[in-house]
Each structure stands twice: as structure tokens, then as C-alpha cells.
Amino acid sequence: MKLTAKLAHSQLKTNRSRSIWTLIGIIFATAMITAVYSFAATGMATIFELTGTDIRHRQEYKYTMIAMGAVLSIIVISAAVIVISNAFRVSAGERAGQFGILKSTGATKRQIAETVIFEGLFLSAVGIPAGVILGLLVELAGVKISDYFLRDINKIASYQLGFDFVISWQAIALSIAVSFVTVFLSAWFPARKAAKVPAIDAIRGAGDVKIKAKKFRTNPLIQKIFGFEGTLAAKSLKRSRRNFRATVASLSVSIILFMAANTIGVFGEAATHLVYQDVDANVSVYIDANTFHAFSEDDENVAEITFSSIDYQTAEEITAVLRQNPDTTGVFTVGSVRGYNNSISTRTILDHAFLTAKMREAFFYDYSEEQGGYDLGVHLITVDKENYERLCAVAGVPVGSNILVNYIRQRTESKREEFQPLVFGGQTIELMGEISSTELTLHGELQAGDIPKEIMLTLHAPVNIIIPESEYAQYIFYVKTDNISGFMDFYTYDYFYDTFMIDRAFSVSVINMEQEMAAMRGISGLIMTFIYGFVGMLTLIGLTNVISTISANVRIREKEFAVLKSVGMTRKGLNRMLGLESIFCSLKSLIIGLPLGILASYGIWRSITISFGLMYSFPLLAITQCIIAVTAITWVAMRFSVSRLRGKSIVGAIRG
């Protein structure tokens, strides 16, 4: 064995604690890289099974999985290089005196660099195989978790989706190569720097600690608030700022990632509830008179939509039959009238006096100078007779009245606003048809607190009006039943076609809302499991750096602590100084990480709200959790490191 290799091996045995934490960092980094590549291989195998012989889609999904794997591995490699490189830099700093002596006896720069690089090679020989095994176990756990969350999705899917545990030797070989390069680079950077330090500076220990008088001053408030120990703690962090820089960076990144993941989870859960908005129903029957036809004509694919209507009487008959079921505890029927240009909404021109100030502000772009008003969409809604009579009573109008739903949820790029769109005054509005127009008088209004959630789901236009019976383009029957499976077994698609003589060209769907929500929660849970798992593993890599750096810093300062004790500092004072150091370190991490985490949270909300229009929720709970976790981590690491110094004599420590 080469002399440099022997020195490296000896150093690893001498500083077992630092070596163990560096090894753990390598294991976690390799495990993450292996898991990412193995998941990509598993995903591709699943996609190939689903796509069959469709070569084009195979290639598209293959490139997507490769791109995702590359992006995630770059994130992991970047974090690993920062963390592991800092561990080797600390190791090189501890051995500065040794390197100086070696240089003074004739050691070359290459030999000094080799000593540090051999440390990385020895740790890689143990850490990379262990990391690969851990990564495969992570993949296996991920497959089992995926299948668990997919069980609800498979209940409603037309095909069964699942993942098989795949051991890809190509993925393993790639992860080993990437992990080795990662560790090599992590050791090479500090090795090259250590080799450049002149021998005299290395012997004096001046290579890593450089102090400028102007930057060494501390804030007088620290002395007043925390006393002498606080001043020493602040000066110690300034003096060892390079040692703590990677620690602060690791904690800050962990804060940012945690807050980002927390935001995705919170808004993902909120978006799931938006689908049915907590409607008091567990089954829905959807009948749509818009029929889509696809056929071939002259060897070309042709699409055609046929527009028709469903009469109100048929809808009432269906509602009555559903209510008569002994297991049914509630039915709410909502219908949409076909409007302008065969859509489920028509148009109207309203004078600015009919619109609230907020409405005019939100829809300023719909103002037409030529028509002298705002060109707005109008959605005409009906409900079943029983609920219609109840809503008429709430609005204080007789049955047969037209009721304005005076509420709108306006979604913009940055936020979702809720307000009243119209100034209600019993006005008559003109509805524009494709051929002719008709007038509609508004007799009453419902405000936000009076609108049933079933109707809330249908508010797709700026102006929404509940009208008496008419011909409708589509109906949704929201049903609350105590026996979902029995209901769906009896009320099949064929039942509605045959019993109520519904045109077979119409679309009829019977949907288990509870199952759909469970499937959505399954997708959300699956996504969040992988996000939190990825963030958690990155955080663990960072924590190995935090613990290793703090332990090394305490060990290096053993002589300093002995000197402080010799001049009268008690163990209580020493503990207070180190406790304040951990607090200041945590504070710096929080000052950097929390604002960036809030920005990340806000950015994620902006991207989500474009699709779902969710209100921003300030991540106060996540901030509190970060403050507690970061403070606890640094305090525990510091206390653990200090506990290992007990029992050593002052004289022995000063002599070194």
C-alpha cells in the first residue's frame, strides 16, 4: 500500500466520528441516485407494458423518464458534492499541520492531494455498495407504497395500473459510476486546495482561518443581551465562518425544500376538495344530450357533435324514482339549459349600472363601446321541483320565479376573488339567441350563504340564473345513499336508457363520488410520498454535514475550551456559549431559509392557482416546524459533541 494511502487509512481510523458521518452521507447520496435511476427503470418497464407495441409512445415516455431521472440526479449530485466536499475540507483543515510537516520533509503537492483523495476512495469502497443496497430497498418500498395508493385508482380505472420491482443492472452500474464520480469530485476540490497551502502556513494553521480586524467586531447588543458568552459565541462563528458555511447552506436548503413540499401538500389537498366542494352526496348520475360521433369517411377520420335536449318531465321522473329507493337519503337535481352557439351558456349585454364596482373591475375587458355595455355569459340553471320550491322560499319569491345567483368566483393569475356580480333590483335582461333574443325578468336573488353546494359546482358563467322547467342540455343527479354498491348495481347505464326511454345516443354516467375522491386522494398521497421522500433523503444528506461539521468544530477547539476553563470559565458558562453558537447558527439558517422558503411557497401557489384558483395560505405552521426542527438539530448536535470532551484534563487538552 502506498504511503499516502496508509496515511489516509490512518486518518479515517483516528477521526472515526467524522469518517462515520461522511460515510453515512455517501451512503445516502448513493441510495438516492440508485433509487432515482431504479424508479426510472421501473417506470419505463411499466409504460412499455401499457403501451405494448406502440413504438412512438414508448419513445416519448422513455425520454420523459430519462429527463426526469437526469434532473433529479443533478439535484442529488449537487447536494452531495456540497455536503461531502465540506466533510473532506474539514478533514483537510484538521490535518493542516500534518500536511505542513509532510511538505517540509519533501512531500509533493500531488502526494498531499492523494492523501485526501484516498480517504474518499476508501469510504467509497464501503459507502457505494451499501448505498446501492439501500437504494434498491427504497425502490422496493416505493413500489409497495405506489401499489397501496393505486388501489383506489384501479377500482375505477378501465385497466389495472401497478409497478413491478425491477432490478436494472444498467441503472445500478450507472448509479455506481455517478456516485463514484460524485465522491471523487467531493474529495478532489478540498484536496487540490490543501495541496496549494504553503508548508509554513500549514504548520502554523493559517491556511483555513483568516481574520480581518474590521470583520471581527461583533454587535454590542449581543454583549448586552447574551453577556460575555454571547460575544464569544458570535466571534467563534465569525472566526470559523467557513466551517459553518456549508452547515448554514444545508439547513437553509432543507428549510426551503420542506416548505415547498408542505405547500404542495396543503394546496394539493385543497384542490382535491374543490372537485365536489364537499357536496352532501356519494353518487352522481350524469346525463348529457351532447353526443360525440367519430366515423370514417373517404378514409378520413371525421368527428361530429349532435346537439339535443332532455325534457324536464323525464328529469323529474328520474328524481322521483331515485328518492323512492329505501337506501336513498337525499337527491338534488341540477340541469343546464342549452344556450347561445350550442353551449350551456347564452349572452347578454348589461349596462354598467347593473354591475357592482368589483364586477366592472374584473370584467373590464368585456365592455363593448359599440353595444354600450358589458358582453357577459349567462348560465341558465334548473333544479328539481322540491329543491326549487325551497330556494324560492329562501329568496322570498313565488314558485315560477327567476332567481339570480348573485355570487361569482373570479380566478386570476394571482388569486381567487369571491363577490356579488350584479346590483339586484328586479331588472329585466335580454338574452341573445342564435336567431332571436328573449327577455328574462329577475324576481329574486340568492347570495353566497344561501346557495347549495350542488349549484356552486355549476357556476361556470359571470351571470347565473335559476329558472323554472325548460328543455335542458344536461342533468346531474346528486344522490346520497347508504348503500353505494347496491345503488350502482341496480341503477346501471342500461337501467336509465330502458326505464326512461333515454336516447341511446345520449351519454349516461353513474359515478361513485366517494371512490373518485379516494382515487384523487390516492394520486395526491402518492405524489406527496415521493416528494416528502425525496426531500427527506436530501435533508438526511444535509444533516450528516451539519453533525459532522459541528462535531469537528468542537473537537478542533478542544484546546480553546481548556484555555477558557483555565481562566475561570465554568462548565455552565461553556455550555451557555456553545448553546448560543447553535442558536446563532440556527438563526442564520432561518434568516436565509425562511424568506426563500416563503418565496418558493408563493411560487408554487402561483403555479397551482392558475389551474385551481386557490387562495394563498401563509405557511405559518411550516415556519413554526422549521424553527423548532432547525434549533433542535443544531442544539442536539452541539450538546452531543461537547459531551465527548468530558473527562479530559485542562493541562492535557492545552498540551494537545
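As the structure is a computational prediction, the values presented were derived from the model and not from experiment.

Q: What is the right way to look at the overall build of the chain in this model?
A: When its secondary structure is counted, the chain shows 20 helices and 16 strands. When each of the 656 residues of the chain is scored for burial, the buried share is 47%. In the chain, once contacts between residues fewer than 6 apart in sequence are set aside, the share between residues at least 24 apart is 79%. As displayed, the chain has an accessible area near 32400 Å², and 60% of this comes from carbon and sulfur atoms.

Q: Would you explain the pattern of salt bridges in this entry?
A: Two side chains carrying opposite charge are able to pair once their charged atoms lie near each other. All told, the structure shown has five salt bridges when counted by the stated rule. Salt-bridge contacts for Arg323 lead to Glu386; the nearest nitrogen and oxygen are separated by 3.7 Å. Of this pair, Arg323 sits in helix H10 (residues 312-324) while Glu386 sits in helix H12 (residues 385-395); the two residues are 63 residues apart in sequence, bridging distant segments of the chain. According to the relative accessible area criterion, Arg323 is partly exposed, its value standing at 27%. Taken together, the salt bridges that share partners define one network made up of Arg323, Asp384 and Glu386.

Q: Honestly, the nonpolar core in this entry has me stumped. Any pointers?
A: A general trend in soluble globular proteins is that nonpolar side chains are found buried together. The biggest cluster of nonpolar side chains holds 46 residues, and the ones touching the most others in it are Leu322, Ile465, Phe496 and Ile502. Not counting chain neighbours up to four residues away, the residues in contact with Phe496 comprise Val285, Ile318, Leu322, Tyr491, Met501, Ile502, Val508 and Val510. Grouped together as the second largest cluster of nonpolar side chains are 36 residues, Ala113, Val116, Ala195 and Leu538 included.

Q: Just to check I follow, could you spell out the packing of aromatic side chains for this structure?
A: In this description, an aromatic ring pair is defined by two values, namely the gap between the centres and the angle between the planes. Tallying each qualifying case throughout the model produces 13 aromatic pairs. Of the aromatic side chains, those joined through ring pairs into one cluster are Phe487, Phe490, Tyr491, Tyr495, Phe496 and Phe500.

Q: Please explain the side chain of Thr30 as it appears in this structure.
A: Examined against the element boundaries, Thr30 turns out to sit in helix H2 (residues 16-51). Within the local environment of Thr30, its side chain forms a polar contact with the backbone oxygen of Ile26, the two atoms lying 2.8 Å apart. With residues up to four places along the chain from it excluded, the contact list for Thr30 reads Gly127, Ile128, Gly131, Val132 and Ser179.

Q: What am I meant to see in a nonpolar patch on the surface here?
A: A cluster of nonpolar side chains, namely Ile133, Leu137, Leu140, Phe165, Ile167 and Trp169, defines an oily patch on the protein surface of about 610 Å² accessible area. Per-element accounting of the nonpolar patch gives the leading share, three residues, to helix H5 (residues 109-156). Within the secondary structure layout, Leu137 lies in helix H5.

Q: What is the right way to look at the environment of Ala67 in this model?
A: The topology assignment puts Ala67 in helix H3 (residues 55-94). It is 9.5 Å that separates the C-alpha atoms of Ala67 and Ala40, two residues lying 27 residues apart in sequence.

Q: Can you walk me through the side chain of Asp288 in this structure?
A: Note on placement: Asp288 falls in strand S1 (residues 283-288). Residue Asp288 is classed as buried on the basis of its relative accessible area, which comes to 12%. Within polar-contact distance, the side chain of Asp288 engages the side chain of Tyr286 at 3.4 Å. In this view, Asp288 contacts Ala473, Gln474, Phe506 and Ser507; residues no more than four positions away in its chain are not counted.

Q: Would you take a moment to explain the pairing of strand S5 (residues 346-350) for this structure?
A: The side chains of a regular strand alternate between both faces of the sheet. The two faces of S5 differ: Thr346, Thr348 and Leu350 on one face are buried, but Arg347 and Ile349 on the other face are not. Summarising the sheet, S5 and strand S7 (residues 373-383) pair through five bridges and their orientation is antiparallel. The partner of Arg347 across the bridge, within S7, is Gly377. Here two bridges tie S5 to strand S11 (residues 428-432), and the two strands are oriented antiparallel to one another. In the strand pairing of S11, Thr348 is matched with Leu431.

Q: I keep staring at the environment of Leu232 and nothing clicks. Help me out?
A: Here Leu232 shows up in helix H8 (residues 220-239). When neighbours within four sequence positions are excluded, Leu232 is seen to be in contact with Leu564, Met569 and Met577.

Q: How should I be thinking about a positive patch on the surface in this particular structure?
A: Where like charges cluster on the molecular surface, the positive patch consists of Lys193, Lys238, Arg245 and Lys588. Of note, Arg245 is situated in helix H9 (residues 241-274). We classify Arg245 as exposed; its relative accessible area is 52%.

Q: Can you help me understand the confidence of the model for the chain in this one?
A: As a general rule, the predicted coordinates of low-pLDDT regions are not to be interpreted in detail. With 79% of its residues at a pLDDT of 70 or more, the chain has an overall mean of 78. Highest mean pLDDT in the chain belongs to strand S8 (residues 403-405) (94); lowest belongs to strand S2 (residues 291-297) (49).

Procedures and definitions
Residues numbered from 1 in each chain as written. Predicted model: local features only at pLDDT ≥ 70, side-chain atom pairs only at ≥ 80, totals over all residues. Heavy atoms only, no water. Helix = DSSP H or I, 4+ residues; strand = E, 2+ residues; numbered from the N terminus. Buried < 20%, exposed > 50% of the residue type's maximum accessible area, 1.4 Å probe, protein only. Contact = heavy atoms within 4.5 Å. Areas by Shrake-Rupley, 256 points an atom, 1.4 Å probe, with all protein chains shown as cover. Salt bridge = Lys/Arg side-chain N within 4 Å of Asp/Glu carboxyl O. Core = buried A, V, L, I, M, F, W, Y, C linked by side-chain atoms within 4.5 Å. Phe/Tyr/Trp six-rings, centres within 6.5 Å; stacked < 30°, edge-to-face > 60°. Polar contact = N/O pair within 3.5 Å; in protein donor to acceptor, adjacent residues only side chain to side chain. Patch = residues over 30% accessible without salt bridge, like charges linked within 9 Å, V, L, I, M, F, W, Y side chains within 5 Å. Pairing = 2+ DSSP bridges. Lys, Arg positive; Asp, Glu negative; His and termini not counted. Charge placed at Lys NZ, Arg CZ, Asp CG, Glu CD. pLDDT = per-residue confidence, 0-100.

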